[in-house]
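Report on the structure
For reference, the chains in residue letters:
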Amino acid sequence: MRAVVFAAEGELTVAERPEPVPGPRAVLIETAAVGICGTDTHVLDGEFEGTVFPLVPGHEATGTVVALGPGADQGPTALAVGDHVAVNPSSTCGECDLCLTGRQNLCRAWNGMGVVRADGAAQQRFTAPAANVFRLRPDTDVFEAALIEPLACAIHGWDVLPRRMGDHVLVYGSGTMGLLMAQLAPRAGAASVTIVDVNPDRLVTAAEVGIEHRYTSADDADRAEWDVVIDCTGSIAAIEDGLPRVMAGGVFQHFGVAPAETTARYSPFRIYRDEVSVVGTMAVLNSFGRAVAMFEAGAIKARPMISHSFTLSDYGQALQMFRAGQGRKLQVRPNQDTSQILLG
Ligand SMILES: [Zn+2]
Ligand SMILES: [Zn+2]
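Keep in mind the model is a prediction, meaning the values are calculated, not measured.

1. Observations regarding the overall build of the protein
Summing up its helical and strand segments, the protein has eight helices and 18 strands in all. The C-alpha radius of gyration computed for the protein amounts to 20 Å, which stays within 12% of the reference 20 Å derived for 344 residues, consistent with globular compactness. Along the longest, intermediate and shortest principal axes, the C-alpha atoms of the protein span 60 × 45 × 40 Å. The buried share of the protein, taken over its 344 residues, is 51%.

Right, here's the structure in full:
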């Protein structure tokens, strides 16, 4: 069986590996698709907290159950061979103070498949605990469904936003996360959604998924202030541009991952005087099953968001393309023989 292996910091190989065997209450999954995101580059570059090498990457995965470990066919998460599934990559200790106060996404011993210690899905088959495996409807596109993991992050993002019906929402960044946050906004009650990206090519995707107001600068927008401003770029320039555009009583969200050592400037007076909230959001918290439901309800236009698929051998090429900011969502499809351009 073939697998992408991050052998050490900066060292990417494709290797032959023994077939994984599912343990108690775990299943073996034949991988359909694995999304690539910034986290993968941070893991390979040794910038992700706690990564243990060697590690198979891949945390945005779907596939088909091909074998069951003991007991995986029982209980509330019972699975069967042939099920199409999406996999929640997070596991938590269940014992630390943060887990015990309902903040499992902030667990002090947080383990993410393909990012910390457990092997990920950039291989032909992988195992996962049944509790992390969510069954898809047979008619759900199992490749497009690899967007469910980032969608689960987006739903947690909306969960932690103080907001009201009829809010006007501004999103910075028309990459995968910005497009997901923006597409969820009407579902969360937004009266209008505006998206800003300095790259006009990315705004084309925003148009294709149905975001009405699109600008390369918020200065060109038809309003000057918004109830909710969400940064999905992690860029300090975007953050410093966006925070002053929050209207009095509104909220600014840090969704994008800024480099750990950077700082941004804002006016504490303004935060005080206008009761502006600033909130963070981190990964997935009890939102994976809801992401499956929202995906299958058609809340997201997935097709225009995914531009290329890659074989395991071409994984390095996929990462290069990601780093160069080319394409839309890039996927690895470990059981396909050819890499493909999915959008003409
Ligand atoms: Zn990701
Ligand atoms: Zn914990």
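After presenting the structure, the write-up continues.
2. Re the packing of helix H2 (residues 148-159) against helix H3 (residues 176-184)
Viewed as axis vectors pointing N to C, H2 and H3 meet at an angle of 55°, and their least axial separation amounts to 9 Å. Here H2 is positioned oblique relative to H3, judged by the angle of their axes. Judged by the twist between their axes, the crossing of H2 over H3 is right-handed. Facing Pro-150, Leu-151, Cys-153, Ala-154, Ile-155, Gly-157 and Trp-158 of H2, the residues of H3 in contact are Thr-176, Met-177, Leu-180, Met-181 and Leu-184.

3. As for the pairing of strand E2 (residues 11-16)
Relative to E2, strand E1 (residues 2-8) is paired through six bridges, and the arrangement is antiparallel. Residue pairing in the sheet places Ala-8 in a bridge with Glu-11 of E2.

4. Structural notes on the coordination of the zinc ion (ligand 2)
The expected angle between donors at a tetrahedral four-coordinate metal is 109.5 degrees. At an octahedral six-coordinate metal it is 90 or 180 degrees. Within the protein, the zinc ion (ligand 2) binds to Cys-93 (SG), Cys-96 (SG), Cys-99 (SG) and Cys-107 (SG); these donor distances fall in the range 2.3 to 2.4 Å. Geometry at the zinc ion (ligand 2) is tetrahedral, judged from the four donor atoms that bind it and their angles of 102 to 117° at the metal. For the zinc ion (ligand 2), all donor residues lie on one chain, and their spacing in sequence is C-x2-C-x2-C-x7-C. Overall, the relative accessible area of 31% leaves Cys-93 in the partly exposed class. Residue Cys-99 is classed as buried on the basis of its relative accessible area, which comes to 7%.

5. Quick notes on the sheet that holds strand E15 (residues 277-280)
Within the open sheet, the six strands sit side by side as E12-E11-E10-E13-E14-E15. Their pairing is parallel. Two strands in the sheet have a free side with no partner beyond their single neighbour: strand E12 (213-215) and E15. Across this sheet, the average inter-strand angle for adjacent strands is 20°, counted without regard to direction. Where strand E11 (residues 192-196) meets E12, three bridges bridge the pair, whose relative direction is parallel. In the sheet register, Val-196 faces E12, and the bridge partner there is Tyr-215. Packed onto the sheet, helix H4 (residues 200-208) meets E11 and E12 and runs at close to 175° relative to E12.

6. A closer look at the packing of aromatic side chains
For the structure on display, the rule yields three aromatic pairs. Taken together, a centroid distance of 4.9 Å and an interplanar angle of 40° make the contact between Phe-134 and Phe-288 tilted. Taken together, the residues span a long stretch of sequence, with Phe-134 in strand E9 (residues 133-135) and Phe-288 in helix H7 (residues 288-296) at a distance of 154 residues. Since its relative accessible area comes to 2%, Phe-288 is described here as buried.

7. What about the coordination of the zinc ion (ligand 1)?
Here the zinc ion (ligand 1) is held by Cys-37 (SG), His-59 (NE2) and Glu-60 (OE), and the distances to it run 2.0 to 2.2 Å. Read N to C, the donor residues that coordinate the zinc ion (ligand 1) are spaced as C-x21-H-E. Both residues of the pair, His-59 and Glu-60, belong to the buried class.

8. Quick notes on H3
In terms of burial, H3 is a largely internal element, eight of the nine residues being buried. Taken together, the buried positions of H3 are Thr-176, Gly-178, Leu-179, Leu-180, Met-181, Ala-182, Gln-183 and Leu-184.

9. A look at the packing of H2 against H7
At a minimum axis distance of 8 Å, the contact between H2 and H7 shows a crossing angle of 110°. When the axis of H2 is compared with that of H7, the two are roughly perpendicular. Taking contact as the criterion, the partners of Ile-148, Glu-149, Leu-151, Ala-152, Ile-155 and Asp-159 in H2 are, on H7, Phe-288, Arg-290, Ala-291, Val-292, Met-294 and Phe-295. Among the residues forming the contact of H2 with H7, the class breakdown is nine nonpolar, no polar and three charged.

10. A short note on the environment of Gln-104
Mapped onto the elements of the fold, Gln-104 is located in the loop between strand E6 (90-91) and strand E7 (111-112). Beyond its immediate chain neighbours, meaning those up to four positions away, Gln-104 contacts Thr-92, Leu-98, Cys-99, Trp-110 and Leu-285.

11. Considering H7
Of the residues making up H7, those classed as buried are Phe-288, Ala-291, Val-292, Phe-295 and Glu-296. For H7, the angular spread of buried residues about the axis comes to 125°, placing them on one side. Structurally, H7 contributes buried residues whose contacts are with strand E5 (84-87), E9 and H2. Among the residues trailing H7, Gly-298 stands out with phi positive, at a value near 85°.

12. Brief notes about the pairing of strand E14 (residues 246-254)
Here strand E13 (residues 226-231) pairs with E14 via five bridges, running parallel. Among the inter-strand pairings, Val-228 is bridged to a residue of E14, identified as Val-251. Here four bridges tie E14 to E15, and the two strands are oriented parallel to one another. When the sheet's bridge partners are listed, Phe-252 is paired in E15 with Val-278.

What counts and what doesn't
- Residues numbered from 1 in each chain as written.
- Chains lettered and ligands numbered in written order.
- Predicted model: local features only at pLDDT ≥ 70, side-chain atom pairs only at ≥ 80, totals over all residues.
- Heavy atoms only, no water.
- Helix = DSSP H or I, 4+ residues; strand = E, 2+ residues; numbered from the N terminus.
- Rg over C-alpha atoms; globule rule 2.2 N^0.38 Å.
- Buried < 20%, exposed > 50% of the residue type's maximum accessible area, 1.4 Å probe, protein only.
- Axes fitted to C-alpha atoms, helices over the stretch in contact; angles between N-to-C directions.
- Parallel < 35°, antiparallel > 145°, perpendicular 65-115°, else oblique.
- Left-handed = near helix turned anticlockwise from the far one by under 90°.
- Contact = heavy atoms within 4.5 Å.
- Pairing = 2+ DSSP bridges.
- Donors = N, O, S within 2.8 Å, 3.2 Å for Na, K, Ca; no water.
- Tetrahedral: all angles 85-135°; square planar, octahedral: opposite > 155°, others 65-115°.
- Phe/Tyr/Trp six-rings, centres within 6.5 Å; stacked < 30°, edge-to-face > 60°.
- Nonpolar A, V, L, I, M, F, W, Y, C, P; charged D, E, K, R; others polar.
- Arc of directions from axis to C-beta.

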